[in-house]
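One letter stands for each residue in the lines below.
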Amino acid sequence: MLTLGSLFDGIGVFPYAAERNGILPVWASEIEKYPISITRRHFPNMLHLGDITKLDGGKIPAVHVLAFGSPCQNLSLCGTRTGLAGEKSGLFFQAIRIIQEMRDASGGKFPVICLWENVMGAFTSNGGMDFRAVLGAFEGAEISMPASGSWAGAGMVRGRCPDLAWRLMDARYWAGPGRLARRQRIFLVADFGGRRAHEILFKPRAMLTLPRPCTAGGLPAAERDRGPVIETGGRVPILHPFQLYRMRGAAKHGQHAQFRGSFGRAADPFPTLLASDVTPFAFWYADDPAGGCIRFPTEIESERLMGLPDNWTKYDENGEPIPSLHRYRALGNSVALPCADYIMAGIVAALRE
């Protein structure tokens, strides 16, 4: 059986995607209290190894697949932009250390495949040099910058070990039917056992099918912040992203047109889910433009925006409710399931050929 280890595990999305595709989740490393408890509820037999800085890759169970989404705070466009030199994002190199230690201890057999996930800002952080450092860390060699001076949304590094491929994936295009969050993330596959990275990351496969957005009884699954106008069977509202910061700035400077525009423009992109904030949205009706409102997504709606099953984050390992603030934070830090599921399916296909 193929096995998986997950670093910076969060709420167990990589283990869930692995299990869905026949890969056994063996262990996870995480330090946040609530995400650990959520993951333990869903994977009671998976080992929890704790702080990555205290792990020795040669002494933990060797696995076929090692997946990790290292902290993005210093790489994100809305973060500090200190890059891999930052305290949080610099933990990427701890994962590389563990990979090297595991390969040394296993005679180069494990892990066979590594999967790294991070924000789109990693392409541009420090003028693109941080993503160059990521590629170089996996390869153990200097990687040259593209002639254009910027990194493409998809690419490969061939002819060395590991074989590398990366791809920018936006979660909203990776499941059907249903609407997922706008979430652009880099996924990088490193194949230490062959030249299959491109097959894993670029080969067409069926998308994850999301469940219907209602309970078995036909009632809306969200339990709060819902008025009768948006109940199941009612009118379907027109949804627009609510530009909270635009509204505040317009109000401060008395800009009436900009203030009205903050209540949703058709061309505005919906924001991604954030760990630091919950972004509201506006909805209204073509026949009743004054009858809409502004509200925040519920926790269960946020789970659906990530492609996760309803109530994935609702309870801890003891069945106690997780506080809402920590559910939102965990989801904002997480990986979109449809993207992870697509890649895990590719890994299984490649390793079982």
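Numbering of residues starts from 1 in every chain and runs along the sequence as written. Totals for whole chains, interfaces and linings use every residue, but because this is a predicted model, local features are given only for residues with pLDDT of at least 70 and side-chain atom pairs only at 80 or more, for both listing and counting. Working from all heavy atoms in the structure, the side-chain values ignore hydrogens and water.

(A) Region of interest: the environment of A137. Where helices and strands are cited, they refer to DSSP runs of H or I of at least four residues and of E of at least two residues respectively, numbered from the N terminus. Looking at where A137 falls in the secondary structure, it is placed in helix α4 (residues 129-139). For the pair A137 and I96, spaced 41 residues apart in the sequence, the C-alpha separation amounts to 6.9 Å. Contact criterion: two residues are considered in contact whenever any of their non-hydrogen atoms come within 4.5 Å of each other. Residues within four places of A137 in sequence aside, it is in contact with F92, F93, I96 and Q100.

(B) Region of interest: the sheet that holds strand β2 (residues 24-28). Here, a strand pair is defined by DSSP locating no fewer than two bridges between the strands. If you walk across this open sheet you meet the eight strands as β3-β2-β1-β4-β5-β8-β7-β6, and the pairing is mixed. In this open sheet, the two strands that pair with only one neighbour each are β3 (47-48) and β6 (154-157). Looking at chain direction, strand β4 (residues 65-68) and strand β5 (residues 113-119) are connected through four bridges and run parallel. Bridged to V65 within β5 is I113. Axis definition: a line fit to C-alpha positions, over the contact stretch in the case of helices; interaxial angles, taken between N-to-C directions, run 0 to 180 degrees. Across the sheet, helix α3 (residues 92-105) lies against β1 (3-7), β2, β4 and β5, angled at about 175 degrees from β4, the strand it touches most.

(C) Expanded view of the nonpolar core. Definition of nonpolar core: a set of buried residues of the types Ala, Val, Leu, Ile, Met, Phe, Trp, Tyr and Cys, connected through side-chain atoms within 4.5 Å. Buried residues are those whose accessible area, probed at 1.4 Å on protein chains only, stays under 20% of the maximum for their type, while exposed residues exceed 50% and partly exposed ones sit between those limits. Among the nonpolar cores identified, the biggest contains 51 residues, and I23, F187, I343, M344 and I347 are the most heavily contacted of them. Of all the secondary structure elements, the ones that give two or more residues to this core are α1 (13-20), β4, β5, β7 (163-170), β8 (184-191), α5 (197-202), α9 (324-332) and α10 (337-351). Per element, the largest residue contribution to this core is 10 residues, and it comes from α10. Not counting residues within four places of it along the chain, the set of residues in contact with M344 comprises L4, F14, A17, A18, N21, I23, A67 and L115.

(D) Spotlight on the pairing of β2. The buried fraction of β2 amounts to four of the five residues, a majority that puts the element mostly inside the structure. When β1 meets β2, the two strands line up parallel, connected through four bridges. Of the residues in β2, the one forming a bridge with T3 is L24. Whether a crossover is right-handed depends on one test, that the path from the first strand over the helix to the second runs clockwise when the strands point away from the viewer. Regarding topology, α1 serves as the crossover connection from β1 to the parallel β2, and that connection is right-handed. In this sheet, β3 lies alongside β2 in parallel orientation, the contact comprising two bridges. Paired with W27 across the bridge in β3 is L47.

(E) How the structure looks around unusual backbone geometry. The omega angle of the peptide bond from F110 to P111 is -10 degrees, so this bond is cis rather than trans. Mapped onto the elements, P111 comes out in the loop between α3 and β5. Look at the link from C161 to P162: it is a cis peptide, with omega at 10 degrees. Along the chain, the position of P162 falls in the loop between β6 and β7. The phi angle at F8 is positive, at roughly 50 degrees, despite the residue not being glycine.

(F) Fine view of the packing of aromatic side chains. Note on aromatic contacts: the rings of Phe and Tyr and the six-membered ring of Trp form a pair at centre separations within 6.5 Å, being stacked when their planes are under 30 degrees apart, edge-to-face when over 60 apart, and tilted otherwise. Per the stated rule, a full pass over the model turns up 14 aromatic pairs. Taking the centre distance of 4.7 Å and the plane angle of 40 degrees together, the rings of Y16 and W312 count as tilted. A residue pair is termed long-range when its members are at least 10 positions apart, and Y16 in helix α1 and W312 in the loop between α8 (299-305) and α9 qualify at 296 residues. Under the relative-accessibility criterion, Y16 is labelled buried at 17%. The buried category is assigned to W312, whose relative accessible area is 5%. The structure contains a cluster of three or more aromatic residues connected by ring pairs, namely F8, F68, F92, F93, W116, F123, F131, F138, W151 and W166. By definition here, charges over rings are those cases where NZ of Lys or CZ of Arg is within 6 Å of the ring centre and within 35 degrees of the ring normal. The ring of Y342 is capped by R205, whose NZ or CZ atom sits 4.6 Å from the centre of that ring.

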